[in-house]
Amino acid sequence: TKGLLSLCDALKTSWCHVSHIRLVKCSLSDDILEKLCVAISKNISVKKLDLTGNRAGLKSFSALGNTLRANSSLKELVLSWNKCYGSGLEAFSKGLAVNKGLRSLDLSSNLLGKVEEDSVYLSQNKGIEALAAALSKNSSLAHLNLSDCSLNATQCELLSGGLNQNHTLVGLHFNGNKATVDAKGFLVLQEDSSLLRPTFSPSSEGGGGGGGGGATHFLVLVDEVPCSPEELAALLARAGPAVTV
């Protein structure tokens with residue numbers, strides 16, 4: 001702990017040039033991780049932070065949200081196997097929404113779909129809603145891992161709404177939830193195999209004018225496809241190459 005506190009102090013100085021921090025399965029408490037995140041918010045040299053398998057919770061993820069607001073130098077963030085959900089996820093997502101530097105985010109094996117027991121927390125999916133909103137606004141993220149996050153069908157639908165408005169992601173991992181990404185880029189509900197209907201940005205229509213021909217298109221969850229087979233075939237034909245995940 002003393003060593004990590006010394007690192008936190010060093011990160012706040014102008015002479016610190018550490019670029020990668022890897023603290024995997026170190027049993028670090030939420031309090032000490034909060035201090036680390038606060039220190040990184042004032043640092044411009046750290047490009048990658050890996051906190052896999054610790055005890056990061058509400059304090060840590062709230063601090064990380066503030067870090068993402070203040071720091072555009074961080075490029076890769078690995079946060080798998082921690083305790084990100086509910087209000088912690090909400091605070092983190094608000095920072096992600098305005099961040100303009102992060103390229104890769106790994107939130108796999110967090111219980112993102114967990115419902116907080118606090119009755120004051122009115123919306124059971126408030127954290128997921130905040131993450132969906134962040135994905136719709138973020139303009140830098142290229143790779144996102146949400147595998148094994150205990151996301152139910154409703155939560156997957158909420159996230160798909162945000163992904164539908166995102167045009168920077170080129171890699172999405174979604175295994176271990178109630179929807180998966182198939183080889184053609186479609187999200188498919190595991191319970192009933194319902195297809196997610198494709199949507200298109202204005203720039204992707206009309207023959208790909210305006211540089212939108214290579215845009216990535218995400219799909220919106222529906223219980224059934226409300227169109228004729230001919231209309232569906234036309235939509236699929238317009239989808240173009242899909243990202244394989």
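Residues numbered from 1 in each chain as written. Predicted model: local features only at pLDDT ≥ 70, side-chain atom pairs only at ≥ 80, totals over all residues. Heavy atoms only, no water.

Before going further, it helps to spend a moment on the pattern of salt bridges. The tally for this structure, following the rule as stated, stands at 5 salt bridges. One salt bridge in this structure joins lysine 94 and glutamate 90, with 3.5 Å as the shortest N-O distance. Pair noted here: lysine 94 and glutamate 90 are both in helix α4 (residues 86–98), with a separation of 4 residues, about one helical turn. Using a relative accessible area of 45% as the deciding quantity, one classes lysine 94 as partly exposed. Residue class for glutamate 90 comes out buried when judged on its relative accessible area of 12%. The shortest N-O distance in the salt bridge between lysine 126 and glutamate 90 comes to 4.0 Å. Residue lysine 126 is located in helix α5 (residues 126–137), and its partner glutamate 90 is located in helix α4; the two are separated by 36 residues in the primary sequence. (Salt bridge = Lys/Arg side-chain N within 4 Å of Asp/Glu carboxyl O. Helix = DSSP H or I, 4+ residues; strand = E, 2+ residues; numbered from the N terminus. Buried < 20%, exposed > 50% of the residue type's maximum accessible area, 1.4 Å probe, protein only.)

Across the sheet, which stays open at both edges, the 6 strands sit in the order β1-β2-β3-β4-β5-β6 with parallel pairing between neighbours. Each end of this open sheet is capped by a strand with a single partner; those strands are β1 (20–22) and β6 (171–173). Recorded for the sheet is a direction-independent mean angle of 0 degrees between the axes of neighbouring strands. (Pairing = 2+ DSSP bridges. Axes fitted to C-alpha atoms, helices over the stretch in contact; angles between N-to-C directions.)

Within a pair of aromatic rings, the relevant descriptors are the distance that separates the centres and the angle that separates the planes. Taken as a whole and judged by the stated rule, the model has 1 aromatic pair. With centroids separated by 5.8 Å and ring planes inclined at 80 degrees, the aromatic side chains of phenylalanine 61 and phenylalanine 92 adopt a geometry described as edge-to-face. Placement of the pair is phenylalanine 61 in helix α3 (residues 58–70) and phenylalanine 92 in helix α4, with a sequence separation of 31 residues. Residues phenylalanine 61 and phenylalanine 92 agree in their burial class; the two are buried. (Phe/Tyr/Trp six-rings, centres within 6.5 Å; stacked < 30°, edge-to-face > 60°.)

Among all positions of helix α2 (residues 30–40), only Asp30, Ile32, Leu33, Leu36, Cys37, Ala39 and Ile40 are buried. The inward-facing, buried residues of α2 contact α1 (2–11), β1, β2 (48–50) and α3. (Contact = heavy atoms within 4.5 Å.)

Grouped together as the largest cluster of nonpolar side chains are 53 residues, with contacts concentrated most on Leu77, Leu105 and Leu112. Here the element with the most residues in this core is α2; it accounts for 6 residues. Other than its neighbours up to four places away in sequence, leucine 105 contacts Leu77, Leu79, Phe92, Leu96, Leu141, His143, Leu144 and Asn145. (Core = buried A, V, L, I, M, F, W, Y, C linked by side-chain atoms within 4.5 Å.)

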